[in-house]
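# Working through the structure, step by step
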Amino acid sequence: FCSCCDVLQPAKEVDGVYQITNGGQLFWFAEQLGSGAIAPNSVATATADINLEGSQNGQAAGYTGITKDRNFPGIGTSSIQYGGTFTGGGYTISDLYIERENETATKTDGAGLFGYTNGAKISGLTVKGQISIHGNGHRQIENIGGVIGHAQDTQLSETFSYVNIGSTGGEVTHVGGLVGSAQSGGSVFKCMYFGSIDLNNTGDSIGGIVGYTQDTAISYCANHGSVKTDFKAGFVGGILGLSLIHI
């Protein structure tokens, strides 16, 4: 981020791979992909620890003004799904802050460091931060994950999430410490969760690793965090909320 005007620094592309070295470049990568300026199957790698400057001690950093907005847009959307390879290299992405609010009849789908993926391969990351969800009405916001909101045929491996997830207002569904919803094949392998999930009026597919899965393999994963909801009935689990086929 430019210290004067907060302009995002573009990531350099070396031999077809975007080199992500700081928070501004990761914001740039997400925004360029979301606008269609770069291909949805773009390949990227982290080359250093990355600070997104969006949260402090799990809360919003409190920036003011449009140039200090650190509400991360997510890599990939339901209309432009990320299908590339993202290699974390063992580095940490810290101070992630995502806030989503939906008061319309249109469903919001996919909130996470990666909002929506399809055919992606993501590995070697540690992610720390906060996701705050504000729903209104029934199932207005769904598929929320500390790393991936909505994963289609996606391979996620050796990734650790310290992302705290909370909600207020109406019901949200399919929430996971790593992945909100994992479907259509793919795998979640050697992943761990160390954060807290504390949801209001929500019990539909909530899990420490994955909230909801359909035909996605989950193996060698562990939850060292907490999962809490005030909803008295539903599908809530330390590892997985609900599976319709197998894990």
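Structure: above.
The following refers to the structure shown. For every chain, the first residue of its written sequence is number 1, and the numbers climb from 1 along that sequence. Side-chain atom pairs in this predicted model are given and counted only at pLDDT of 80 or more, local residue features only at pLDDT of at least 70, and totals for whole chains, interfaces and linings cover all residues. Side-chain metrics in this entry use all non-hydrogen atoms of the structure; hydrogen atoms and water are not considered.

## Notes on the sheet that holds strand S13 (residues 141-145)
For two strands to pair, DSSP has to find at least two bridges joining them. Under the DSSP-based scheme used, a helix requires at least four consecutive residues in state H or I and a strand at least two consecutive residues in state E, with every element numbered from the N terminus. In space, the 5 strands of this open sheet follow the order S9-S13-S16-S20-S25, with parallel pairing throughout. A strand with exactly one partner marks an edge of an open sheet, and here the two such strands are strand S9 (108-111) and strand S25 (236-237). Bridging between S13 and strand S16 (residues 172-176) involves 4 bridges; their strand directions are parallel. When the sheet's bridge partners are listed, Gly-145 is paired in S16 with Gly-176.

## Looking at the pairing of strand S19 (residues 196-199)
The classification of residues rests on relative accessible area computed with a 1.4 Å probe and restricted to protein chains. Under 20% of the type maximum is buried, over 50% is exposed, and intermediate values are partly exposed. Along S19, the buried face is formed by Ile-197 and Leu-199; none of Ser-196 and Asp-198, which line the opposite face, is buried. Bridge count between S19 and strand S24 (residues 226-229): 4 bridges; the pairing is parallel. Counted as the bridge partner of Ile-197 is Val-227 from S24.

## Some words on the nonpolar core
Where a protein is soluble and globular, its nonpolar side chains tend to be buried together. Among the nonpolar cores identified, the biggest contains 55 residues, and Leu-26, Phe-29, Phe-72, Leu-113 and Phe-114 are the most heavily contacted of them. The element best represented in this core is helix H1 (residues 23-35), accounting for 6 residues. In contact with Phe-114, other than residues within four places in its own chain, are Ile-75, Tyr-82, Phe-86, Ile-122, Leu-125, Val-147, Ile-148 and Gly-149. Throughout, nonpolar core names a set of buried Ala, Val, Leu, Ile, Met, Phe, Trp, Tyr and Cys residues whose side chains join them through atoms within 4.5 Å. Contact definition: two residues touch when any of their heavy atoms are within 4.5 Å.

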